[in-house]
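# Working through the structure, step by step
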Amino acid sequence: MTDATTETIEADILVIGGGTGGPMAAIKAKEANPSLKVVLMEKANVKRSGAISMGMDGLNNAVVPGYATPEQYVKEITVANDGIVHQKAVMAYATGSFPMIQYLDRLGVKFEKDGSGEYNMRKVHHMGTYVLPMPEGHNVKKVLYRQLRRLQVAVTNRYMATRLLKAADGRIAGAIGVNTRTSEFLVVRAKAVILACGAAGRLGLPASGYMFGTYENAANCGDGYAMAYHAGAELANLECYQINPLIKDYNGPSCAYVTGPFGGYTANNKGQRFIECDYWSGQMMLEFWRELQSGAGPVFLKMDHLAEETISEIEQILHTNERPSRGRFHEKRGNDYRKRPVEMHISEIGFCSGHSASGVWVDENARTTIPGLYAAGDMASVPHNYMLGAFVNGGIAGADAASYCADLDLPAFDEGDLLAEQERVLAPTRRADGLTPHEMEFKTRRLVNDYLEPPKVTAKMEIAQRRFAEIRDDLSALCARDPHELHRALEMQSILDCADMAAAASLYRTESRWGFYHLRVDHPETNDEDWYCHTMLFKDAAGRMSHRKREVAPYVVPVEAEEMAAYHQLRVKAPQAAE
Amino acid sequence: MPIITQSSSAAVVIDDAKCIAEKGCTVCVDVCPLDILAIDEGRKKAFMKYDECWYCMPCEADCPTGAVKVNIPYLLR
C-alpha cells in the first residue's frame, strides 16, 4: 500500500501543459462550450511556462492572404519534410493560421505592421513568404493568461503529470499528477485529455556540459512523449530528430529568421555563403554539417556588413524577446554584431514537431490514436508547426474535445493503475541513498550524444540500447531526498524513455531521409519503395516497444516530382565572396 | 551508495538590499520554469537553490524591485 496523499477532482477536459498550445486548447474549449469544466495542469507556473516564457520574436509560418495560400504552404512543408506528411493536418493548420493571427491580434499580441496597418511579411523559407516579425512580442504569455482568467479555466500550477488513466474500453479517463514541491498526488478524472507538454528538449547533452543549457525550455523534457507511449498511443517519425543550428555554447537561436530579411546570413570561416536558404530543414542541417566536416567551419551568422541602423534594430528585437539573455551572453564574449560574426554550432538531438516532424501521431482534428486523447504543439506530429502551429492545433484540439465530451459520461479508471503508478513515482523516495537523478540523467544524455547522434551507425545505436537497458536496471537505486529531487527523478525517467524511443525508431527506418536528421551510414539512400511512409512506434499488448508503417494519406495538394527536390538543392553552386 | 554534495557558482544573483521576500514576496520563486529559486527561511531572502538554470529571465523581468540578476551559467559563458 502507498502512503501517498491523494486528491481527486473531476473535469470535462484536462489539458496537460500550460505553455503555448495548452492554454489555447483550454481557451478554445471554453469558447466552444462555456459550461465545460476545463482544468489546465502545469508543471511550472502558467504565467511563465513553456517555450515562450519570455515571448516570441516572430511568426515563422504565418499563412497571410496576399503573401501565401494554404495550398502553397502545404506544398512547402511537404517538400521541406521529404514528402512524409499528413497533408490534411498541415492544411488544417494552414487554413487556421490567419484567423489565429487575427484572434491573437484582437487579444493584444503585437505583430509588425507597415504604415497602412498591413502585416509586414518577410521571406525566409525556400519558396514562399511566411515570416511575420514580432518586435514587441514579449507579452504573449500575459495575453494568454488574461484570457484563461476571463474564461475561468481552472489552473493547477506545479503539478507534473506522470501517467494517463484509461477506462476498460480503452478511452482516456484522466491523468495522475504529482506536486513538484510537496509530492502530493492529484488525480484528475476527465472525459478528454489534451497533451501539450512541448518538445523532448532535454534528450541530448549540450556540448557545454551544462544539463539545463538546452535549446528548448529545459522543463520540456519529453514527459508528453513518455505519457503517450505508456498509454499505448502511437508516436510518429521519431527518427526525424530535431537538430538546430544555434549560437555556440549559448545554445539558443542565433536567429537567421530574424536577421535574414535584414541581410544577415549563414557563412563559413571565409565569410562565404554556402546555403541558399536559412530555413531550418534536415537538408539545411546536412549542408551545415558537411561544411563543418570539410574544415570550412566554424559556421557563423554574419551581420558585420550591415548598416548601423539595421544592426540596432536587430539587437532591439533579439535582446528583448524569446531569449533575451543572448545579449548578455554576447556582451561577456565581446561579440558585437557590427564587428564579428556570431559563432554557431549544431545542437544536440531532441524530438520536436515544432521544427522537424517527431511527435505523437495526430490527425487533422488533433486526435491521437487513443479515443479522447489529443496532442498539440511541439509534441504532436504536425511537422514544422512552430509557435503559431501550437496555437492553431491547440485550438483545434480544444474545440474538438469540447464536442467529443458532449454526450459522454465520466469514464471510470482502474484503481489498481493509480496504486501502481503511485508506487512507481514514490519508489525513489523510499531509499536513503543510491544514485542521484542528476547523475542518471547526465549519463543517459551523454550516451545519447555518443551513440544516437547522426550520422547514425547501426552498431552504435545497438550499443546505446544495451547501455540504456543497464540504466533502466539502475532505476532500482534511483534516490530522491526531497520533492524537488523527485521531480527531477521523474523527468529523468521520461528522458530515458525518449532515449529508448530515439534508438528504436532510428533503427527501424532502414533508409536515409530528412537530410541530417535521419542520415544512416548503413543505409545511405532514400528508399521510397519501402519507406515512403510514416513510422509508428507504440507499446504493444505485451509491453514491448513495437513499430509499424502507416501509409501516407493521399495528398490534398499535389506536388510535382521536380518540386519535391527543391530542398535538396540548398548548397550554393559556386560560393560567392562576401561583400 | 552514499550521496555526497558538490558545489557550483550561482548564475542567478539576488541583491539582498532590494529583495522584499521578508514582506511575503515570492514572485521570482513563483515564475521560475525550472523551480530553482527559494526563500531562505533564516534570512528571508530569495536565493538560487539549484544549479538548473535555463537563463530565461522571468525572475529578473518580474521582480517588483529589480533585485534579481540572471548571469549566463559559467560552463557556457
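Residues numbered from 1 in each chain as written. Chains lettered and ligands numbered in written order. Predicted model: local features only at pLDDT ≥ 70, side-chain atom pairs only at ≥ 80, totals over all residues. Heavy atoms only, no water.

### Notes on the pairing of strand β7 (residues 172-179) of chain A
All names here are of chain A. Within β7, eight of the eight residues are buried, leaving the element largely enclosed by the surrounding structure. As paired elements, strand β6 (residues 159-166) and β7 share seven bridges and run antiparallel to each other. Each bridged residue has a counterpart across the sheet, and for Tyr159 the counterpart in β7 is Asn179. Remark: five residues form the turn of the hairpin made by β6 and β7, two consecutive strands paired antiparallel; Gly170 in that turn has positive phi of roughly 95°. Where β7 and strand β8 (residues 185-195) come together, five bridges link them in antiparallel fashion. (Buried < 20%, exposed > 50% of the residue type's maximum accessible area, 1.4 Å probe, protein only. Helix = DSSP H or I, 4+ residues; strand = E, 2+ residues; numbered from the N terminus. Pairing = 2+ DSSP bridges.)

### Details of the pattern of salt bridges
Should their charged atoms come close, side chains of opposite charge can pair. Summed over the entire model, instances satisfying the criterion amount to 47 salt bridges over all chains. Asp35 of chain B is paired through a salt bridge with Arg158 of chain A; the nearest N and O atoms lie 3.8 Å apart. Note that Asp35 of chain B is positioned in the loop between α1 (27-31) and β2 (37-40) and Arg158 of chain A in the loop between β5 (154-156) and β6, a pairing that runs across two chains. Each member of the pair Asp35 of chain B and Arg158 of chain A is classed as buried. Glu511 of chain A serves as the salt-bridge partner of Arg509 of chain A, at 2.9 Å between the closest nitrogen and oxygen. Look at Glu511 of chain A and you get buried, because its relative accessible area is 0%. It is possible to trace a salt-bridge network through shared partners that takes in Lys43, Arg202, Asp223, Glu441, Arg445, Arg488 and Glu491 of chain A together with Glu52 of chain B. (Salt bridge = Lys/Arg side-chain N within 4 Å of Asp/Glu carboxyl O.)

### What to know about the sheet that holds strand β9 (residues 235-236) of chain A
Residues and elements named next belong to chain A. Spatial ordering of the open sheet is given by β14-β9-β16-β17, a layout of four strands whose pairing is antiparallel. Each of the sheet's edge strands pairs with one partner strand only, and the pair in question is β14 (359-360) and β17 (545-551). In the sheet, β9 pairs with β14 via two bridges, with the strands oriented antiparallel. By the bridge assignment, Ala236 is partnered in β14 with Gly359. Strands β9, β16 (533-539) and β17 of the sheet are contacted by helix α14 (residues 483-508), whose axis makes an angle of about 50° with β17. (Contact = heavy atoms within 4.5 Å. Axes fitted to C-alpha atoms, helices over the stretch in contact; angles between N-to-C directions.)

### Notes on the domain arrangement of chain A
Residue and element names in this part refer to chain A. Here chain A is described as being made up of domain 1 (245-346) and domain 2 (425-551). Relative to domain 2, the C-alpha centre of domain 1 lies at a distance of 31 Å. If you look at the interface, domain 1 gives eight residues, while domain 2 gives six residues. Area buried by domain 1 at its contact with domain 2 is led by Gly282, Leu286 and Trp289, which between them contribute 66% of it. Counting across the interface, domain 1 meets domain 2 through zero salt bridges. Scanning the region where domain 1 abuts domain 2 turns up one residue pair in polar contact (both at pLDDT 80 or more). Among the elements that take part in the side of domain 1 that touches domain 2, helix α7 (residues 282-293) stands out by supplying five residues, more than any other. Among the residues making up the side of domain 1 that touches domain 2, the classes are represented as five nonpolar, three polar and no charged. (Domains from an automatic or database assignment. Buried area = accessible area lost by both parts, 1.4 Å probe. Polar contact = N/O pair within 3.5 Å; in protein donor to acceptor, adjacent residues only side chain to side chain. Nonpolar A, V, L, I, M, F, W, Y, C, P; charged D, E, K, R; others polar.)

### Description of the nonpolar core
Residues and elements named next belong to chain A. Ranked by size, the top nonpolar core spans 222 residues in total, and within it Ile13, Ile16, Ile101, Leu164, Leu195, Phe351 and Leu452 carry the most contacts. Looking at this core, the element that brings in the most residues is α14, giving 14 residues. Every residue in contact with Leu195, bar those within four places of it in the chain, is listed here: Ile16, Leu164, Gly224, Met227, Ala228, Leu373, Tyr374, Ala375, Ala376 and Met379. (Core = buried A, V, L, I, M, F, W, Y, C linked by side-chain atoms within 4.5 Å.)

### With respect to helix α5 (residues 223-231) of chain A
Most of α5 of chain A is tucked away: eight of the nine residues are buried. Positive phi appears at Gly232 of chain A, one or two residues downstream of α5 of chain A, with a value of about 95°.

### Description of the packing of aromatic side chains
All names here are of chain A. As enumerated under the stated definition, the model contains 17 aromatic pairs over all chains in all. The interplanar angle of 55° and the centroid separation of 6.1 Å between the aromatic rings of Tyr257 and Tyr386 together place this pair among those described as tilted. Taken as a pair, Tyr257 in helix α6 (residues 256-259) and Tyr386 in helix α10 (residues 386-405) lie far apart in primary sequence, 129 residues in all. Each of the two residues, Tyr257 as well as Tyr386, counts as buried. These aromatic residues form a ring-pair network of at least three members: Tyr215, Tyr257, Tyr279, Trp280, Tyr386 and Tyr567. (Phe/Tyr/Trp six-rings, centres within 6.5 Å; stacked < 30°, edge-to-face > 60°.)

### Section: the sheet that holds strand β12 (residues 299-302) of chain A
Residue and element names in this part refer to chain A. Here we have four strands laid out as an open sheet, ordered β10-β13-β12-β11, and antiparallel in their pairing. Among the strands making up the open sheet, the edge pair consists of β10 (245-247) and β11 (265-267). Looking at each pair of strands side by side, their axes are set apart by 40° on average, direction ignored. Looking at chain direction, β12 and strand β13 (residues 342-346) are connected through three bridges and run antiparallel. Note on β13: the bridge partner recorded for Val299 is Met344.

### Observations concerning the interface of chain B and chain A
With 30 residues of chain B at the interface, the matching set in chain A holds 41 residues. Taken together, both faces of the contact between chain B and chain A bury some 3,200 Å²; the carbon and sulfur share is 56%. Sorting the residues of chain B by area buried against chain A places Ile3, Glu52 and Trp54 of chain B first, and these three jointly supply 23% of that buried surface. The tally of links from chain B across to chain A stands at five salt bridges. Here Arg48 of chain A and Asp62 of chain B are joined by a salt bridge, their closest N and O atoms 2.6 Å apart. Elements that contribute at least two residues to the side of chain B that touches chain A include exactly α1, α2 (58-62) and β4 (68-70) of chain B. Within the side of chain B that touches chain A, the residues separate by chemical class into 22 nonpolar, no polar and eight charged.

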